[in-house]
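Summary of the model geometry
So you can see what is in the structure, the chains are spelled out below.
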Amino acid sequence: DVKVTQSSRYLVKRTGEKVFLECVQDMDHENMFWYRQDPGLGLRLIYFSYDVKMKEKGDIPEGYSVSREKKERFSLILESASTNQTSMYLCASSLPRDRGRWQPQHFGDGTRLSIL
Amino acid sequence: AQSVTQLDSQVPVFEEAPVELRCNYSSSVSVYLFWYVQYPNQGLQLLLKYLSGSTLVKGINGFEAEFNKSQTSFHLRKPSVHISDTAEYFCAVRINTGNQFYFGTGTSLTVIP
């Protein structure tokens, strides 16, 4: 089974802090994703990466950056945390296309981040 | 632009009754369709997927979904729900070009004993 591990289940930080959320997958997946999940808004894509050192902005990248130095690890960075970044953050990974068909994503358990 | 619409934000249903969770998408190109389930305090787990072939797709836990290209829909169904099916359900679309998944806003299914 694919395992996607997020380093923290719950995290509390102060405004202005630099926050790191870590995600590791054990299935050699090329694609990795960071989402935030808020009530009534579903999942919104922050950033994704389709290979080491490659990244692309999603729908809501403002206030975030990412790092993918190794294939198995994808980090989300809040440069200067603000209260409106309080949310549930979900990491996912997937294989690239297989014979032209996209493969499903596999998700971690999420990190519930509170910014005070 | 792509979008995924889940028409019902909350669906209460009695135990052992059938349920249908609706999902519509907008896309002019080929799509790949997925349903995910999220139990409290957990990440998303894949229920089923449509990549190609038969339009009726069977997934885990007795769920199935039917891809209807003319209606641009991918509704999720189960003939008889259990208490353990209480969860949030997300429909997702991936288009043939591009790297992104697009998620609906979720449907909260509550099974009443």
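A few points on the structure. Since this is a predicted model, take the numbers as computed values, not measurements. (Residues numbered from 1 in each chain as written. Chains lettered and ligands numbered in written order. Predicted model: local features only at pLDDT ≥ 70, side-chain atom pairs only at ≥ 80, totals over all residues. Heavy atoms only, no water.)

1. With respect to the overall build of chain A
For chain A, the count of helices and strands is zero helices and 12 strands. Going residue by residue from the N terminus, the α and β elements of chain A occur as β-β-β-β-β-β-β-β-β-β-β-β. Relative to the compact-globule value of 13 Å for 116 residues, chain A shows a C-alpha radius of gyration of 14 Å, a close match. Every one of the 116 residues in chain A was classed for burial, and the buried ones make up 47%. Partitioning the contacts of chain A with sequence separation of at least 6, the portion at a separation of at least 24 is 56%. As displayed, chain A offers around 5,700 Å² of accessible surface, 48% of which is attributable to carbon and sulfur atoms. Charge-centre separation for chain A: the mean point of 18 positive side chains lies 2 Å from the mean point of 16 negative side chains. (Helix = DSSP H or I, 4+ residues; strand = E, 2+ residues; numbered from the N terminus. Rg over C-alpha atoms; globule rule 2.2 N^0.38 Å. Buried < 20%, exposed > 50% of the residue type's maximum accessible area, 1.4 Å probe, protein only. Contact = heavy atoms within 4.5 Å. Areas by Shrake-Rupley, 256 points an atom, 1.4 Å probe, with all protein chains shown as cover. Lys, Arg positive; Asp, Glu negative; His and termini not counted. Charge placed at Lys NZ, Arg CZ, Asp CG, Glu CD.)

2. Structural notes on the packing of aromatic side chains
Per the counting criterion, the structure on display carries 15 aromatic pairs over all chains. Look at Tyr36 of chain B and Phe103 of chain B: their rings are 5.9 Å apart centre to centre, the planes differ by 45 degrees, and that puts the pair in the tilted class. Note that Tyr36 of chain B is positioned in strand β5 (residues 31-38) and Phe103 of chain B in strand β11 (residues 101-103), a separation of 67 residues in sequence. Here Tyr36 of chain B falls in the buried class, since its relative accessible area comes to 0%. Members of the aromatic cluster, connected to one another through ring pairs, are Phe33, Tyr35, Phe48 and Phe107 of chain A together with Phe34, Tyr36, Phe101 and Phe103 of chain B. (Phe/Tyr/Trp six-rings, centres within 6.5 Å; stacked < 30°, edge-to-face > 60°.)

3. Quick notes on the state of the cysteines
Counted according to the given criterion, the structure contains two disulfides over all chains. Sulfur-sulfur distance for the disulfide between Cys23 of chain A and Cys91 of chain A comes to 1.9 Å. Its S-S torsion of about -75 degrees marks the bond between Cys23 of chain A and Cys91 of chain A as left-handed, since a negative value means left-handed. Note that Cys23 of chain A is positioned in strand β4 (residues 23-25) and Cys91 of chain A in strand β10 (residues 87-94), a separation of 68 residues in sequence. We note that Cys23 of chain A, like Cys91 of chain A, is buried. A sulfur-sulfur distance of 1.9 Å marks the disulfide that ties Cys23 of chain B to Cys91 of chain B. Looking down the S-S bond of the Cys23 of chain B and Cys91 of chain B bridge, the torsion is -65 degrees, so its handedness is left-handed. (Disulfide = S-S within 2.5 Å.)

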